[in-house]
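A closer look at the structure
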Amino acid sequence: MPGTVTMYSTTWCGYCRRLKSQMDREGIAYTEVNIEHDPESAAFVEKANGGNQTVPTVLVLPATGDGEVVMTNPSLAQVKQALGA
């Protein structure tokens, strides 16, 4: 799968577990960042979500270099679309 995916999550987030499982099944590589252990990432998530620490927040950098895509609680289809798949 082209591009890179970073998922900002927490250990207790069921939506995060579901999306990770779906991406694993589809072979989509991603980097997971726990916002409870990384203040800079927590600040990024808050900025992306109007001051809220809503997870999963997903950052996609398409291989085409067309800029970043930030999504909150996206579906697998939305992640694939952002990657250009």
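None of the values given here were measured: they were computed from a predicted structure. Chains are numbered independently. Their residues run from 1 in the order of the written sequence. Residues qualify for local features only when their pLDDT is at least 70, as the model is predicted, and side-chain atom pairs are given and counted only at 80 or more; totals for whole chains, interfaces and linings, by contrast, use all residues. For the side-chain quantities, the full set of heavy atoms in the structure was used; hydrogens and water were omitted.

**Some details on the overall build of the protein chain**
- Secondary structure elements follow DSSP: runs of H or I of four or more residues count as helices, runs of E of two or more count as strands, with numbering from the N terminus. In terms of regular secondary structure, the protein chain is built from three helices and four strands.
- The order of α-helices and β-strands along the protein chain, N terminus first, is β-α-β-α-β-β-α.
- For this measure, only C-alpha atoms enter the radius of gyration; the expected value for a globule follows 2.2 Å times N^0.38, where N is the number of residues. In summary, the protein chain has a C-alpha radius of gyration of 12 Å against a globular reference of 12 Å for 85 residues, a match within 12%.
- Taken over the C-alpha atoms alone, the protein chain extends approximately 30 × 25 × 15 Å along its principal axes.
- Only protein chains enter the accessibility calculation, which uses a 1.4 Å probe; a residue whose area is less than 20% of its type maximum is buried, one above 50% is exposed, and one in between is partly exposed. Burial status across the protein chain gives 39% buried among its 85 residues.
- Pairs at least 24 apart in sequence give 55% of the contacts found in the protein chain among residues at least 6 apart.
- Only the protein chains shown count as covering a residue, and every accessible area follows the Shrake-Rupley method with a 1.4 Å probe. If you sum the accessible surface of the protein chain, you get close to 4800 Å²; carbon and sulfur atoms cover 48% of it.
- Neither His nor the chain ends is counted toward charge; the positive residues are Lys and Arg and the negative residues Asp and Glu. Think of each charge as sitting on NZ of Lys, CZ of Arg, CG of Asp or CD of Glu. Considering the protein chain, the positive charge centre built from 6 side chains and the negative charge centre built from 9 side chains are found 10 Å apart. The contact definition used throughout considers only heavy atoms, calling two residues in contact when any of these lie within 4.5 Å.

**Structural notes on the pairing of strand 1 (residues 4-9)**
- Of all the six residues making up strand 1, five are buried; the element is thus mostly covered by neighbouring parts of the structure.
- Alignment of strand 1 against strand 2 (residues 31-34), held across four bridges, turns out to be parallel. From the neighbouring strand, Met7 faces strand 2, where its bridge partner is Glu32. Criterion used throughout: strands pair if DSSP finds at least two bridges between them.

**What to know about the pattern of salt bridges**
- Whenever Lys or Arg places a side-chain nitrogen within 4 Å of a carboxyl oxygen from Asp or Glu, that contact is recorded as a salt bridge. By the definition in use, this model includes two salt bridges.
- Residues Glu32 and Lys20 are paired through a salt bridge, measuring 2.9 Å at the closest nitrogen-oxygen approach. Of the two residues, Glu32 sits in strand 2 while Lys20 sits in helix 1 (residues 14-26), which places them twelve residues apart along the sequence.
- On the accessibility criterion, Lys20 (17% relative accessible area) is buried.
- Notably, a salt bridge pairs Lys80 with Glu26, separated by 3.1 Å at the nearest N-O pair. Here Lys80, found in helix 3 (residues 76-83), pairs with Glu26, found in helix 1; they are 54 residues apart in sequence, far enough to count as distant.
- Among the residues examined, Glu26 registers a relative accessible area of 35% and is labelled partly exposed.

**Some points on helix 3**
- Within helix 3, burial applies to Leu76, Val79, Ala82 and Leu83. Angularly, the buried residues of helix 3 cover 125 degrees about the axis, an arc narrow enough to put them on a single face. Facing away from the buried side of helix 3 by over 90 degrees, the exposed positions are Ala77 and Gln81. Working note: the arc is built from the helix axis to C-beta atom directions.

**Overview of the environment of Thr57**
- Counting through the fold element by element, Thr57 comes out in strand 3 (residues 57-61).
- Thr57 gets classed as buried once you look at its relative accessible area, which sits at 0%.
- Within 3.5 Å is the distance limit for a polar contact, defined as a pair of N or O atoms, with the added protein rule that one can donate a hydrogen and the other accept it, and that residues adjacent in sequence qualify only through two side-chain atoms. Within the structure, the side chain of Thr57 is placed 3.0 Å from the side chain of Asn49, a separation counted as a polar contact.
- At 2.5 Å, the side chain of Thr57 and the backbone oxygen of Thr54 are in polar contact.

By themselves, these figures tell us nothing about what the structure is for.
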